[in-house]
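This is what each chain is made of:
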Amino acid sequence: QVQLVESGGGLVQAGGSLRLSCTTSGRTFATMAWFRQIPGSEREFAAAIRWSIGTTYYSDSVKGRFTISRDNTKNTMYLQMNSLKPEDTAVYSCAATPVYSSSVSLARPISYGYWGQGTQVTVSS
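Keep in mind the model is a prediction, meaning the values are calculated, not measured.

J.: For this particular structure, what's the right way to read the state of the cysteines?
T.: Disulfides are covalent bonds that connect the sulfur atoms of two cysteines. Applying the stated criterion across every chain, the model contains one disulfide. One disulfide in the model links Cys22 with Cys94; its S-S distance is 2.1 Å. With the S-S bond torsion at 60°, the cross-link from Cys22 to Cys94 turns out right-handed. Of this pair, Cys22 sits in strand β3 (residues 18–25) while Cys94 sits in strand β9 (residues 90–97), placing them 72 residues apart in sequence. The same class applies to Cys22 and to Cys94, which are both buried.

Shown next as structure tokens:
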């Protein structure tokens, strides 16, 4: 059974930091990503990583503040979030696909067949 389990969300003041984790089991993946969503809005791409070679991709809204990484030995992906802003408040979900996606398609939720349950991140002003 394939599982993606997130952890690390919470409440933090603006300017603070959080680290999210996503631990996988059941199979290996080619690409993993973090998306975020606020109620009433579509999922927004935040960051992605090619599992085997570690190439990373970021949305303009998080570039320079967030860092995506992975630990192959622990089957875990991370999102280090620094300099958090109130507009970063959202439910953050990890996503994974065993299929190699183009650099354009990896920012689209439809490219991922596996999702975690989501973890709430709230940034207070």
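J.: What is the right way to read the nonpolar core from this model?
T.: Nonpolar side chains in soluble globular proteins tend to end up buried together. Within the largest apolar cluster, 25 residues are counted, with the highest numbers of intra-cluster contacts made by Met32, Trp34, Met77, Leu79, Met81 and Tyr92. Only β3, β4 (31–37), β5 (44–50), β7 (66–71), β8 (76–81), β9 and β11 (119–124) provide two or more residues apiece to this core. No other element matches β9, which puts four residues into this core. With near-sequence residues (within four places) excluded, Met77 lies in contact with Leu20, Ser21, Cys22, Met32, Ala33, Trp34, Ile49, Trp51, Ile68, Ser69, Arg70 and Cys94. Phe45, Ala48, Leu106 and Tyr112 belong to the second-largest nonpolar core, a separate cluster that totals seven residues.

J.: Would you take a moment to explain the sheet that holds strand β1 (residues 3–7) for this structure?
T.: Paired through backbone hydrogen bonds, the strands of a sheet run either parallel or antiparallel to each other. An order of β1-β3-β8-β7 is seen for the four strands of this open sheet, with the pairing classed as antiparallel. Of all the strands in the sheet, just β1 and β7 have a single pairing partner and so form its edges. Along the sheet, successive strands turn relative to each other by an average axial angle of 15°, direction set aside. Strand direction decides the pairing type here: β1 and β3, joined by five bridges, are antiparallel. Bridging across to β3, Ser7 finds its partner in Ser21.

J.: Looking at this structure, how should I read the environment of Ser103?
T.: By secondary structure assignment, the location of Ser103 is in the loop between β9 and β10 (114–115). Apart from the residues lying within four places of it in its own chain, the contact partners of Ser103 are Arg50 and Tyr57.

Conventions and cut-offs
Residues numbered from 1 in each chain as written. Predicted model: local features only at pLDDT ≥ 70, side-chain atom pairs only at ≥ 80, totals over all residues. Heavy atoms only, no water. Disulfide = S-S within 2.5 Å. Helix = DSSP H or I, 4+ residues; strand = E, 2+ residues; numbered from the N terminus. Buried < 20%, exposed > 50% of the residue type's maximum accessible area, 1.4 Å probe, protein only. Core = buried A, V, L, I, M, F, W, Y, C linked by side-chain atoms within 4.5 Å. Contact = heavy atoms within 4.5 Å. Pairing = 2+ DSSP bridges. Axes fitted to C-alpha atoms, helices over the stretch in contact; angles between N-to-C directions.

On their own, these measurements won't tell you what the molecule is for.
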